[in-house]
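# A closer look at the structure
So the chains spell out like this:
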Amino acid sequence: MGRAYQNKKDSMAKTAGAKTKVYSKYGKEIYICAKNGGVDPDGNLALRRLIERAKKDQVPAHVIERAIDKAKGGGGEDYSATRYEGYGPGNCMIIVDCLTDNNKRTFADVRVCFTKANAKIGAQNSVSHLFDHLAIFVFDGDDDETVLEALMMADVDITDVEVEDGKVTVFAPHTEYNNARTALEEMGISEFHEDLIAFVPQVEAPLEGEDVEVMERFLAMLEDCDDVQNVYHNAQF
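Quantities reported herein were computed from a predicted structural model and do not represent experimental measurements.

For the protein, the helix and strand inventory stands at eight helices and 10 strands. Going through the 237 residues of the protein one by one, you find that 45% of them count as buried. In the protein, the proportion of contacts linking residues at least 24 apart, taken out of those at least 6 apart, comes to 72%. As displayed, the protein offers around 12,300 Å² of accessible surface, 46% of which is attributable to carbon and sulfur atoms.

Per the counting criterion, the structure on display carries zero disulfides. In this structure Cys33 is a free cysteine whose sulfur lies 19 Å from that of Cys98, the closest cysteine sulfur available. Here Cys98 stays unpaired: no disulfide links it, and the sulfur of Cys225, its closest cysteine neighbor, is 7.5 Å away.

It is worth spelling out unusual backbone geometry at this point. Residue Asn125 is not a glycine yet carries a positive backbone phi of 70°. When you line up the elements, Asn125 lands in the loop between strand E3 (120-122) and strand E4 (131-140). The class for Asn125 is partly exposed, based on a relative accessible area of 42%.

As a further point, take the pattern of salt bridges. By the definition in use, this model includes 10 salt bridges. For Glu185, the salt bridge goes to Arg49, with nearest N and O atoms at 3.1 Å. Placement of Glu185 in helix H7 (residues 177-186) and of Arg49 in helix H3 (residues 45-56) is noted, with a sequence separation of 136 residues between them. Residue Glu185 is classed as partly exposed on the basis of its relative accessible area, which comes to 31%.

Turning to the environment of Ala34, a few remarks are in order. Tracing the sequence through the fold places Ala34 in helix H2 (residues 19-37). Residue class for Ala34 comes out buried when judged on its relative accessible area of 2%. Put simply, Ala34 and Ala46 are 12 residues apart on the chain and 8.8 Å apart in space, counted from C-alpha to C-alpha. If we skip the residues at most four places from it in the chain, Ala34 touches Val39, Asn44, Leu47 and Ala71.

What counts as what
Residues numbered from 1 in each chain as written. Predicted model: local features only at pLDDT ≥ 70, side-chain atom pairs only at ≥ 80, totals over all residues. Heavy atoms only, no water. Helix = DSSP H or I, 4+ residues; strand = E, 2+ residues; numbered from the N terminus. Buried < 20%, exposed > 50% of the residue type's maximum accessible area, 1.4 Å probe, protein only. Contact = heavy atoms within 4.5 Å. Areas by Shrake-Rupley, 256 points an atom, 1.4 Å probe, with all protein chains shown as cover. Disulfide = S-S within 2.5 Å. Salt bridge = Lys/Arg side-chain N within 4 Å of Asp/Glu carboxyl O.

Shown next as structure tokens:
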């Protein structure tokens, strides 16, 4: 799983290349999290950890504060999550997660990207069932057995624990994110190289020739869509 995750991490999840895109992404997520779960990070664990990730990605404090202030107002945008799935160049599989206040606009924008890449949007769950929806934690260490034992003792459902190049990677079902994170913190782990929920492909689709260039353009177009939050795929460059 580690190699598949590494390929995925390197090429699919970080669609937000520009700082403004990163700020917009976190601003929407923080707003929704605060609006739904409360604006106090001490009482909203999901918000607290989202803010931690935002700070790690160098999101300015004023962006975070503005999103929380909007949530305090009780009004503002009514964002909803939407997901598009389909097939890209070389028949690779792709998942596009969005947050939008206008589903028609978002679908039109995403469909244009698919069309220009000669890709095909599929029905819901047309490809996502071939991905594992996982919580992923990466931190310094070399003792996977101790980590696994501690997580099991804390009754955390774990998919896998791996060690490579002085780093431990923990994979857990996405529903176990908070439990796994809490258990790791109780072990004294506070610094994470990766701390996220993502779709990890079960199989990879090697791309070559023109398909590589088309896929890179496809991802760049999706990156430019304001409503796109994350993109996951199984393409191997």
